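What the coordinates show
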Amino acid sequence: MSDDLPPMITGKQLELLRKAVEIEQTDAKAVGMVGYQARLWAQVALPYRNPGDVPHWERRNGRLRLSLTPGLVELPNREFVRLYPFGTMPRLLLTWMSTEAVRISDRELALGPSLAAFMRQLDLPRDGRTISRLRTQVQSLAFCNMQVIEQRDDATHLAGFQVASAMSLWWTPRERDTDALWPSTLTLTDEFYRSIKSGPVPVDLRALAALRTHGGGGLPIDVYTWLAHRMSYLRASTLVPWSLLAQQFGSQYESLRFFKRELLRALPKVLTVYPNAKVTPTTDGLLLSPSPTPIA
């Protein structure tokens, strides 16, 4: 093959481009695809991989630190284990919780038809394997103990919370049932509910669906959410150094070099579904310039 020929576009890349065209041509509000995320998750992020059998896990973003202690989770075999929320699923669940809290202005969320509809919006399969993963991650997310610590030169501010204060889960054996969680409920803690309502970050659910399918993990979703929040208040071009980006997103990578490589792989996918974001990779970091938010 001649070196002058353009590289072949894979089927996944073509599908991602198709979704990007749909996002650009059709307003998210017009098709009911506006979602929300709590501002906290635009500043710090959950683990990408299972941290394993460790007593706690941390991630930093400048002065802000998130510390997690795993809660007890019931596995399908009825065994109880301590498990962290990790990967793509809890990120999507947090988006659903925030979206529902904004939509109904209530702490008690129904995990039945509403969550089933959300799974359809994000192109999540509704088979037995996905339902099993969902069951595990709902519990690990709901009962993980979290601390957000802000360290300043003259003071330290600490807030401890859980995502949920109560949960009632009913599981049907019918794998094909799209309302498999009916009539389950989850009640958000007052602290988490207020954090959502105080400043939710609007996101395009079609973008999250595309990144879930084609992004290759939780990093693209985190970067998209971070940019959606950052562009809402960015007023001048700002360089974010690689070292700070690694603190926020890269704590589970072996080195800064590996993290930088993965972020540079994820960034084009994020910018495909968020084309208005003006982000330029440089030797020193990412140069952010004022841009429209994904949702006007």
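An account of the accompanying structure is given in this report. The residue count restarts for each chain, going from 1 along the sequence in the order it is written. Local features in this predicted model are restricted to residues whose pLDDT is 70 or higher, and side-chain atom pairs enter the listing and the counts only when it is 80 or higher, whereas totals over whole chains, interfaces and linings include all residues. To obtain the side-chain values, all non-hydrogen atoms of the structure were included, while hydrogens and water were left out.

1. Details of the nonpolar core
If you look at the biggest cluster of nonpolar residues, it comprises 78 residues, and the most contacted ones within it are Trp41, Met97, Leu188 and Phe192. When checking whether two residues touch, look at their non-hydrogen atoms; a contact exists if any pair is within 4.5 Å. Setting aside residues up to four positions removed in sequence, Leu188 forms contacts with Met97, Ala101, Arg107, Leu109, Val163, Ala164, Ser165, Tyr193 and Ile196. For the purposes of this section, nonpolar cores are sets of buried Ala, Val, Leu, Ile, Met, Phe, Trp, Tyr and Cys residues that join through side-chain atoms within 4.5 Å. Each residue gets one of three labels from its accessible area relative to the maximum for its type: buried under 20%, exposed over 50%, partly exposed in between, using a 1.4 Å probe on protein chains only.

2. Quick word on helix α2 (residues 88-104)
Taking 1.5 Å per residue as the helical rise, α2 with its 17 residues ought to reach 24 Å, and the 25 Å between its terminal C-alpha atoms agrees with that figure. Of all 17 residues making up α2, 14 are buried, and the element is well covered by its neighbours. Taken from the residues just after α2, Ser105 is the one with a positive phi, measuring 50°. By the criteria applied, helices consist of DSSP H or I runs no shorter than four residues and strands consist of E runs no shorter than two, each listed in order from the N terminus. A helix is expected to reach a length of 1.5 Å times the quantity of its residues less one.

3. Here we look at empty space enclosed by the protein
In this analysis a 1.4 Å probe is tested at points of a 1 Å grid over the protein atoms alone, and where it fits but cannot get out there is a cavity; an open set with protein on both sides within 12 Å along at least five of seven lines is a pocket; lining residues have an atom within 4 Å of a point. Grid points are joined across faces, edges and corners, and a volume is the space filled by probe spheres set on the points. Tallying each qualifying case throughout the model produces two cavities of 30 Å³ or more. Volume-wise, the largest cavity comes out at about 90 Å³. As for the largest cavity, its lining consists of Gln37, Trp41, Val44, Ala45, Leu46, Arg91, Leu94, Thr95, Ile221, Asp222 and Thr225. Each residue belonging to the lining of the largest cavity can be placed in one class, and the counts come to six nonpolar, three polar and two charged. Gly is placed with the polar residues, together with every amino acid not listed as nonpolar (Ala, Val, Leu, Ile, Met, Phe, Trp, Tyr, Cys and Pro) or charged (Asp, Glu, Lys and Arg).

4. Comments concerning helix α5 (residues 190-198)
Listed as buried for α5 are Phe192, Tyr193 and Ile196. All buried residues of α5 project into a common sector of 100° when viewed along the axis, lining one side. Tucked inside the fold, the buried residues of α5 contact α2, β8 (156-161) and β10 (185-188). Starting at the helix axis, one direction is taken to each C-beta atom, and the arc is that of these directions.

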